[in-house]
Amino acid sequence: MKLLEMNHIKKAFNGVQVIKDISLSVEKGEILAIIGPSGSGKSTLLRCATMLETIDDGEIQYLGRRAAWVEGGKPVFPKKEERKEIQSYFGLVFQNFNLFPHFSVMKNITDAPLKVQRRGKEEVFEEARRLLKKMGLEDKENAYPYQLSGGQQQRVSIARALMMHPNILFFDEPTSALDPELTGEILKVIKDLAAEHMTMVIVTHEMSFARKVADHIIFMDKGVIAEEGTPEDVFGSKNERIREFLGKLT
Ligand code: ADP
Ligand code: MG
């Protein structure tokens, strides 16, 4: 079952093509890793996929429902109710955690389930405590983000996304703002989610992680998919740009 489909997506900023006709799809349970040099358009692609940016051409669908498209040359999103429903299909974890600084950990992760999803307080708090425990944060529910390490903040933001029960979880370089010793704890959380068959799209610079965890890897270069396939395909590719990119990292 295809959860996400992006067909012939194009996106420019100030006349510069940043995404040049990209198509991809994500099956239920699949883990897609997106790799590539800085500035190749990875974040923009995720922002388009998650309706944070409009697209200039093409179409995006979640479970066969249109999330973004173009009509008469103009970008279109669905109307409010439909849009909200489609937005509830996915969660997004950013590089810089993006927690609400003036909310406690508990409020950060329960606010949207209570206010947006209008779920019952008791059920939401119970799930929140269960998730915090799973993330090793059971003693942090009353802490504020500034009192937490980067790794803890990122675990809270993953918990916040999971509280909404998304069908797909997107990560944009979830470990790049972290010290190396904190990176492992986040990669472990993502590996655990993979073991639970969570569908994920992960932009990452962690090559050995991508190689181990991903079912499919896309290598982006200058706004196009320069190579894609299984980890073996991509890491074994003769493509010069990939060899150069992987060589620089090792
Ligand atoms: P990556 O995540 O692969 O490093 P990005 O998607 O962040 O790449 O950026 C791709 C290109 O698009 C870069 O040249 C960047 O400067 C440009 N870009 C991204 N967002 C904007 C924006 N909001 N306005 C103008 N240019 C942007
Ligand atoms: Mg980026």
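This section reports on the structure supplied with the text. (Residues numbered from 1 in each chain as written. Chains lettered and ligands numbered in written order. Predicted model: local features only at pLDDT ≥ 70, side-chain atom pairs only at ≥ 80, totals over all residues.)

1. Quick notes on the site of ligand 1
So, point 1. Every residue near ligand 1 is listed here: Phe13, Val18, Gly36, Ser38, Gly39, Ser40, Gly41, Lys42, Ser43 and Thr44.
So, point 2. Considered class by class, the residues forming the shell around ligand 1 number two nonpolar, seven polar and one charged. (Near = placed C-beta within 6 Å. Nonpolar A, V, L, I, M, F, W, Y, C, P; charged D, E, K, R; others polar.)

2. Re the sheet that holds strand S6 (residues 74-76)
So, point 1. Taken together, the five strands give an open sheet; going across it, the order is S2-S1-S4-S5-S6, and neighbouring strands pair in antiparallel fashion. The open sheet has two free edges, formed respectively by strand S2 (16-27) and S6, since each of these has just one partner strand. The mean angle between the axes of side-by-side strands here comes to 15°, regardless of whether they run parallel or antiparallel.
So, point 2. In terms of strand pairing, strand S1 (residues 2-13) meets S2 through nine bridges, oriented antiparallel. (Pairing = 2+ DSSP bridges. Helix = DSSP H or I, 4+ residues; strand = E, 2+ residues; numbered from the N terminus. Axes fitted to C-alpha atoms, helices over the stretch in contact; angles between N-to-C directions.)

3. Focus on the sheet that holds strand S10 (residues 216-221)
So, point 1. Strand order in the open sheet made by the six strands is S7-S8-S9-S3-S10-S11, with mixed pairing throughout. The strands lining the two open edges of the sheet, one partner per strand, are strand S7 (90-93) and strand S11 (224-229). Here the strands of the sheet are splayed against their neighbours by 15° on average, with no regard to which way each runs.
So, point 2. Packing against the sheet, helix H5 (residues 150-162) makes contact with S7 and strand S8 (168-172), and its axis sits at approximately 170° to S7. (Contact = placed C-beta atoms within 7 Å.)

Just distances and angles here, no functional claims.
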